[in-house]
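Tertiary structure, described
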Amino acid sequence: MSTTNAFPEINKIQYEGPGSDNPLAFRWYNPDEIVEGKTMKEHLRFTVCYWHTFRGTGADPFGSGTMVRPWDDGSNSVENACNRARVAFEFFEKLDVPYYAFHDRDVAPEGDTLRESNAHLDAVADVLEAEQNRSGVKLLWGTANMFSHPRFMHGAATTCNLDVYTYAAAQVKKAMEITHRLGGENYVFWGGREGYQSIYNTDMKRELDHLGQFFHMAVDYAKEIGFTGQFLIEPKPKEPTKHQYDSDAAACLNFLRAYDLMDHFKLNIETNHATLAGHSMMHELEYAGMQGALGSIDANTGDLLLGWDTDQFPTDYYLTTQTMLVLLKYGLAPGGVNFDAKVRRESFEPVDLFYAHIGGMDAFARGLKIAAAIRADKAIDSIVTERYQSWDSDLGQKIENGQVGLADLEALMLEKGEASGNKSGRQELLENIVNRYLDQT
Ligand code: XLS
Ligand code: NI
Ligand code: NI
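Let me sum up the structure you'll find in this document. Since this is a predicted model, take the numbers as computed values, not measurements. (Residues numbered from 1 in each chain as written. Chains lettered and ligands numbered in written order. Predicted model: local features only at pLDDT ≥ 70, side-chain atom pairs only at ≥ 80, totals over all residues. Heavy atoms only, no water.)

1. Thoughts on a nonpolar patch on the surface
A surface patch of nonpolar side chains, amounting to about 500 Å² of accessible area, comprises Val384, Tyr388, Trp391, Leu395, Ile399 and Leu412. You can see tryptophan 391 is positioned in the loop between α13 (381-387) and α14 (394-400). Taking the relative accessible area as the measure of exposure, tryptophan 391 reaches 36% and is therefore partly exposed. (Patch = residues over 30% accessible without salt bridge, like charges linked within 9 Å, V, L, I, M, F, W, Y side chains within 5 Å. Areas by Shrake-Rupley, 256 points an atom, 1.4 Å probe, with all protein chains shown as cover. Salt bridge = Lys/Arg side-chain N within 4 Å of Asp/Glu carboxyl O. Helix = DSSP H or I, 4+ residues; strand = E, 2+ residues; numbered from the N terminus. Buried < 20%, exposed > 50% of the residue type's maximum accessible area, 1.4 Å probe, protein only.)

2. Overview of the packing of helix α10 (residues 281-289) against helix α11 (residues 317-330)
Running from N to C, α10 and α11 cross one another at 5°; their axes reach a closest spacing of 9 Å. As the angle between them shows, α10 and α11 are arranged roughly parallel. Note on element contacts: α11 touches α10 through Leu319, Gln322, Thr323, Leu325, Val326, Leu327, Lys329 and Tyr330, opposite Met281, Met282, Leu285, Glu286 and Gly289. By residue class, the composition of the contact of α10 with α11 is 8 nonpolar, 3 polar and 2 charged. (Axes fitted to C-alpha atoms, helices over the stretch in contact; angles between N-to-C directions. Parallel < 35°, antiparallel > 145°, perpendicular 65-115°, else oblique. Contact = heavy atoms within 4.5 Å. Nonpolar A, V, L, I, M, F, W, Y, C, P; charged D, E, K, R; others polar.)

3. Describing the environment of aspartate 203
Mapped onto the elements, aspartate 203 comes out in the loop between β9 (195-196) and α7 (204-225). Taking relative accessible area as the criterion, aspartate 203 reaches 41% and is therefore assigned partly exposed. Placed 131 residues apart in sequence, aspartate 203 and aspartate 72 show a C-alpha to C-alpha distance of 43 Å.

4. Describing the pairing of strand β5 (residues 46-49)
Along β5, one buried face is formed by Phe46 and Val48 and the opposite face, lined by Thr47 and Cys49, is buried too. Pairing between β5 and strand β14 (residues 337-339): 3 bridges, direction parallel. Each bridged residue has a counterpart across the sheet, and for phenylalanine 46 the counterpart in β14 is valine 337. Where β5 meets strand β6 (residues 99-103), 3 bridges bridge the pair, whose relative direction is parallel. Bridged to threonine 47 within β6 is tyrosine 99. (Pairing = 2+ DSSP bridges.)

5. Things to note about the coordination of the nickel ion (ligand 2)
Protein ligation of the nickel ion (ligand 2) involves Glu234 (OE), Glu270 (OE), Asp298 (OD) and Asp340 (OD), the donor distances falling in the range 2.0 to 2.1 Å. Here the nickel ion (ligand 2) is ringed by 6 donor atoms whose angles at the metal span 80 to 176°, and the overall shape comes out octahedral. Along the chain, the residues donating to the nickel ion (ligand 2) fall in the pattern E-x35-E-x27-D-x41-D. Between the two metal centres, the nickel ion (ligand 2) and the nickel ion (ligand 3), the spacing is 3.9 Å, with glutamate 270 acting as a shared donor. Taken together, the residues span a long stretch of sequence, with aspartate 298 in strand β13 (residues 294-298) and aspartate 340 in the loop between β14 and α12 (350-376) at a distance of 42 residues. Accessibility expressed as a relative area gives 0% for aspartate 298, which makes it buried. Judged by its relative accessible area of 6%, aspartate 340 is buried. (Donors = N, O, S within 2.8 Å, 3.2 Å for Na, K, Ca; no water. Tetrahedral: all angles 85-135°; square planar, octahedral: opposite > 155°, others 65-115°.)

6. Regarding the coordination of the nickel ion (ligand 3)
Surrounding the nickel ion (ligand 3) are the protein donor atoms Glu270 (OE), His273 (NE2) and Asp309 (OD), which sit 2.1 to 2.4 Å from the metal. Summarised as a motif, the one-chain spacing of the donors to the nickel ion (ligand 3) is E-x2-H-x35-D.

7. Details of the pairing of strand β8 (residues 186-190)
For β8, a buried count of 4 out of 5 residues is recorded, marking the element as mostly surrounded by other parts of the structure. Two elements, strand β7 (residues 138-143) and β8, share 2 bridges in a ladder whose sense is parallel. From the neighbouring strand, glycine 142 faces β8, where its bridge partner is tyrosine 187. Once you follow β7 into helix α6 (residues 162-181) and on to β8, the crossover reads as right-handed. Pairing between β8 and strand β10 (residues 230-234): 5 bridges, direction parallel. Note on β10: the bridge partner recorded for tyrosine 187 is phenylalanine 231. (Right-handed = clockwise from strand over helix to strand, strands pointing away.)

8. Considerations on the packing of helix α3 (residues 78-95) against helix α5 (residues 114-135)
α5 packs onto α3 with a crossing angle of 25° between their chain directions and a minimal axis gap of 10 Å. As judged from the angle between their axes, α3 and α5 are roughly parallel. For the pair α3 and α5, the sense of crossing is right-handed. In this structure, α3 contributes Val78, Ala81, Cys82, Ala85, Arg86, Phe89 and Glu93 to the contact, and α5 contributes His120, Ala123, Val124, Val127, Leu128, Glu131, Gln132, Arg134 and Ser135. Split by residue class, the contact of α3 with α5 holds 9 nonpolar, 3 polar and 4 charged. (Left-handed = near helix turned anticlockwise from the far one by under 90°.)

Pasting the structure below:
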């Protein structure tokens, strides 16, 4: 039993099946249903993000907050933070999600000094720990907010101000300790203001070297305290800076290789960030996955008509099917599906938080089923295998194994005179096949 009663009209959300018209029931997410040998719960590892769901006010650049949150007194007190944490666990339990994720400053208020902020965090962590133990809800990941406070205007691990870098290092140390204490399965670095607005005033080489050192210090400290959770970097191309260093999966992996960090980090891929980078979610997932670097996802969606990080809840089956096709291929644990998404500022009532998450969870559960059906029939794979068949030949294998050179290939083609004809790429057929599985699953 939760220790609060913030949502008195709402009982634990149950699976009622696709025919249900109960808006407070799951139609597709059936936690114990087996798909590809595992339960939906194990596949999807749903996570509620604390920042949007419990700290989002609905403020936008044109107006102040709109959210009605009767349990929150609006103050910055530790007491309010502790009470809010208890309410959050009531929400997690009623929604039946196994995980949550937070930034240090979401759960506990910033104090006047670092020491005071750390003490606040310790006090709230006591509540989080007790609530985790009581409810069984676990921490998917923790992170440090190093972008909201004005001190971070030039960045944190890439700032020009040594004191701010030092502050950021101390903050990450503490956030890692708290994540470790709460059994966090991952630790995320999203480079909030790690980037620049103007290259005129920026020593990019020096900033990136500092970032590399920062991550090495984090890796060392994790070893020191015995934290074995997965480190994740979350790519994003812009916002808040014009050019974020971790701009997409490829840029992150290039950075990790250059600074000898590949063994210690994977990526946390966010749908709306992929869009902002001019990629599809599938592209980003595949790019990370093929290099063994797919760690976790921040599930949300943008808006076709708006060019910024709108962080909407994902409801599009086509998108979730595509996402699940790649996640089933590479696996997700110890990552999860974290709803880094917020209700619109017009959806200000507490019940809207339930509608939003139920919709996202159902969309992913259905995407999981459709993707599994496609995979079971090898409906896409068989066409891909066929498309690359020429490479299965003796010569193809030799090239793939690095056993031939340009001269060998020249000799072969001089002999042959012209390359053999191409086969159709079958894009439209593949699109139709995906639609057929959407119809039938
Ligand atoms: C912002 C990011 C952020 C990270 C956590 O765009 O998505 O919310 O997920 O710092
Ligand atoms: Ni995110
Ligand atoms: Ni985002």
